[in-house]
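A closer look at the structure
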Amino acid sequence: MVALLALVVLAGTSCANKERAPGGGAPAPMAAIKQGEGQFLAYTHEVRVELDGERIGPRLQALAESCQKAQFGDCTLLEMSEGDYTPRPDALRHEARIRVRLAPDGVGPFIALAGRDGHVANRSTDAEDLAEQVADTRRTQDRLQREYEKLSVMQQRADVKVADLLAISQRMSEIEAGLEAANREAAQQRRRIDTQLVTVQLEPPSGETGRSEIGAAVRDFGGVFTSSVAFVIRAVAALVPVGVVLWLLGWVGLALWRRRRRKAQAPATGNG
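Attention here is on the structure that accompanies the text. Fair warning: this is a prediction, and the values are worked out from it, not measured in the lab. (Residues numbered from 1 in each chain as written. Predicted model: local features only at pLDDT ≥ 70, side-chain atom pairs only at ≥ 80, totals over all residues. Heavy atoms only, no water.)

Some details on the pattern of salt bridges
Where charged atoms from two side chains of opposite charge come close, those side chains can pair. Note the threshold: Only one rule defines a salt bridge in this text: a Lys or Arg side-chain nitrogen within 4 Å of an Asp or Glu carboxyl oxygen.
Per the counting criterion, the structure on display carries 12 salt bridges. Linked through salt bridges whose partners overlap, the residues forming this network are R48, E50 and E203.

Digging into the side chain of T199
Note the following rule: Segments assigned H or I by DSSP are reported as helices when at least four residues long, segments assigned E as strands when at least two residues long, and all are numbered from the N terminus. Each residue is placed in one exposure class: buried if its accessible area under a 1.4 Å probe, protein chains only, is under 20% of its type's maximum, exposed if it is over 50%, and partly exposed if it falls in between. Whether two residues are in contact is decided by their heavy atoms: any pair within 4.5 Å suffices.
Here T199 lies in strand β5 (residues 196-203). According to the relative accessible area criterion, T199 is buried, its value standing at 1%. Beyond its immediate sequence surroundings of up to four residues, T199 is in contact with H45, E46, V47, R97, I98 and R99.

Let's talk about the nonpolar core
One broad rule of soluble globular proteins: the nonpolar side chains tend to lie buried together. Rule in force here: To qualify as a nonpolar core, a set must consist of buried Ala, Val, Leu, Ile, Met, Phe, Trp, Tyr and Cys residues joined through side-chain atoms within 4.5 Å.
Residues L63, I98, V100, F110, V198, V200 and L202 are the most contacted members of the largest nonpolar core, which totals 21 residues. Of all the secondary structure elements, the ones that give two or more residues to this core are β1 (41-50), α3 (53-68), β3 (93-102), α4 (104-114) and β5. If sequence neighbours within four positions are ignored, V200 has contacts with V47, V49, L63, A96, R97, I98, F110 and A114.

Comments concerning a nonpolar patch on the surface
Short version of the rule: Patches draw on residues past 30% relative accessible area with no salt bridge. Two like charges within 9 Å are joined, as are two nonpolar side chains (Val, Leu, Ile, Met, Phe, Trp, Tyr) within 5 Å. Only the protein chains shown count as cover for residues, and all accessible areas are computed by the Shrake-Rupley method using a 1.4 Å probe.
Judged by side-chain polarity, F231, V232, V236, V240, V244, W247, L248, W251, V252 and L256 come together as a nonpolar surface patch covering roughly 1,000 Å² of accessible area. Relative to the helices and strands, F231 is located in helix α8 (residues 221-271). On the basis of relative accessible area, F231 is assigned to the exposed category, the value being 60%.

Let's talk about helix α5 (residues 131-155)
Rule in force here: Helices are assigned an expected span. That span is 1.5 Å times one less than the residue count.
Counted at 1.5 Å a residue, the expected span for α5 with its 25 residues is 36 Å, and the 36 Å between its end C-alpha atoms agrees. Those residues of α5 that fall on the buried side of the exposure criterion are A131, V134, A135, T137, R139, Q141, L144, E147, L151 and M154.

Some points on the environment of A42
Tracing the backbone shows A42 in strand β1. Spatially, the C-alpha atoms of A42 and A127 are 5.3 Å apart, while their sequence positions differ by 85 residues. Ignoring sequence-local partners within four residues, the contact set of A42 consists of D126, A127, E128, L130 and R192.

Structure, rendered in C-alpha cells:
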C-alpha cells in the first residue's frame, strides 16, 4: 500500500510536469488560459495634484469618504496621511497622501475628484503582466486537487492497513495546506487584476511654499519674541553675579595699587 501511495504521488507530479512541458519540455501556451487581451494586467497609477494649501485637508477627507462609501465602485482604503514637511531647511509644505485599490471604472472619476479646482501636475500608469503567475497557480491547484481526489479514493478502500491509512491522511493534510496557500495566492492575483492601485499626492504649488513659510513666521512671532526676552533675562541673571565679583576684584585691586603707590611716594616726600 505504501508503494501504491508513492506511485500516486509520482503520478500527480508527472501530470504536473506534462502540463508544464508538453511536447518534450516546451512551456504550455498562455492562450489556453487567457480569455482576452489585458485580462491579467495589474495596473498601478501615481498622481500628483497641486492644490491650494487650505484645500488639501478637505480634499483628502473627500477622497477618503468617496472610497469608504464606494462612490465610484468597489474601493479599499490602504493608506492616508497628512502633515507639514520641510523638503529643505528654508521651506515648509503642507502635504497629504492617499492610496486606494479601486474598481477600474472608478479610477478616472477618483482622479478627477482629486484634481478638482487644482492642477494634475503629474500622472503615471504602470502595468504588470501576471499571466505567467496566474498560470502557475492554476497548475498547482489542479495538480493538488487531482492528487487529493486519488488519495480520497484510496482512503475509502476496505483493505487499507492502519499504517497506510495514517500515511494517506498525513499526505492529504499536506495537500490541503498547499491548496489553501494556492487559493489565497489566486485570490490575491485576481484582486490585483480586477482592481487597480491608485496613489494620489496632494501638495501646494511651488510658489505657495514661500507664502506658507512667511505665514508660519508671522504666527510664530509672539513665541519667538517671548523666548528671546526670556533668554535675555536669564543671561542677565546669570551675568549679574559675575559682574559683582569682577567689580569687587577690581575695587580691591585698585585699593591695593593706591596703597602701594602712597607707600612708594612717602620716603621721597620725607627726604625732601
